[in-house]
Amino acid sequence: MIIAIISLLVIIVMVLMIYNYAIHKKVETFSNLNQRVNSLNVLQEFMNTIR
């Protein structure tokens, strides 16, 4: 019985680690998109300054 409980807890921890990794990847993708938008804004401001 104790082995079953420990196994269940280990499985739950592994599932949570996988879920956390998936969320980390989504946040990283969003951060990259945000950096691209900021870079484009800087480029647009530079182009407006040149005109």
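Scroll up for the structure.
Residues numbered from 1 in each chain as written. Predicted model: local features only at pLDDT ≥ 70, side-chain atom pairs only at ≥ 80, totals over all residues. Heavy atoms only, no water.

K.L.:
What exactly am I supposed to notice about the overall build of the chain here?
P.N.:
Each helix and strand in the chain was counted, giving 1 helix and 0 strands. Against the compact-globule benchmark of 10 Å for 51 residues, the chain has a radius of gyration of 22 Å, which places it well outside the compact range. In terms of its C-alpha atoms, the chain occupies a principal-axis envelope of roughly 75 × 5 × 5 Å. When burial is assessed residue by residue, the chain has 0% of its 51 residues classed as buried. Accessible area of the chain: about 5100 Å², with a carbon and sulfur share of 72%. (Helix = DSSP H or I, 4+ residues; strand = E, 2+ residues; numbered from the N terminus. Rg over C-alpha atoms; globule rule 2.2 N^0.38 Å. Buried < 20%, exposed > 50% of the residue type's maximum accessible area, 1.4 Å probe, protein only. Areas by Shrake-Rupley, 256 points an atom, 1.4 Å probe, with all protein chains shown as cover.)

K.L.:
Even after reading the chapter, I still don't get the pattern of salt bridges, so can you show me in this structure?
P.N.:
One side chain can pair with another of opposite charge once the charged atoms of both are near each other. All told, the structure shown has 1 salt bridge when counted by the stated rule. For Glu-28, the salt bridge identified is with Lys-25, shortest N-O distance 3.7 Å. Here Glu-28 pairs with Lys-25, and both are found in helix α1 (residues 2-50), just 3 residues apart, close to one helical turn. For Glu-28, a relative accessible area of 36% corresponds to the partly exposed category. (Salt bridge = Lys/Arg side-chain N within 4 Å of Asp/Glu carboxyl O.)

K.L.:
I'm lost on a nonpolar patch on the surface in this one. Help?
P.N.:
Where nonpolar side chains cluster on the molecular surface, the patch consists of Met-1, Ile-5, Leu-8, Leu-9, Ile-12 and Leu-16 and spans about 650 Å² of accessible area. With relative accessibility at 41%, the residue Ile-12 sits in the partly exposed group. (Patch = residues over 30% accessible without salt bridge, like charges linked within 9 Å, V, L, I, M, F, W, Y side chains within 5 Å.)

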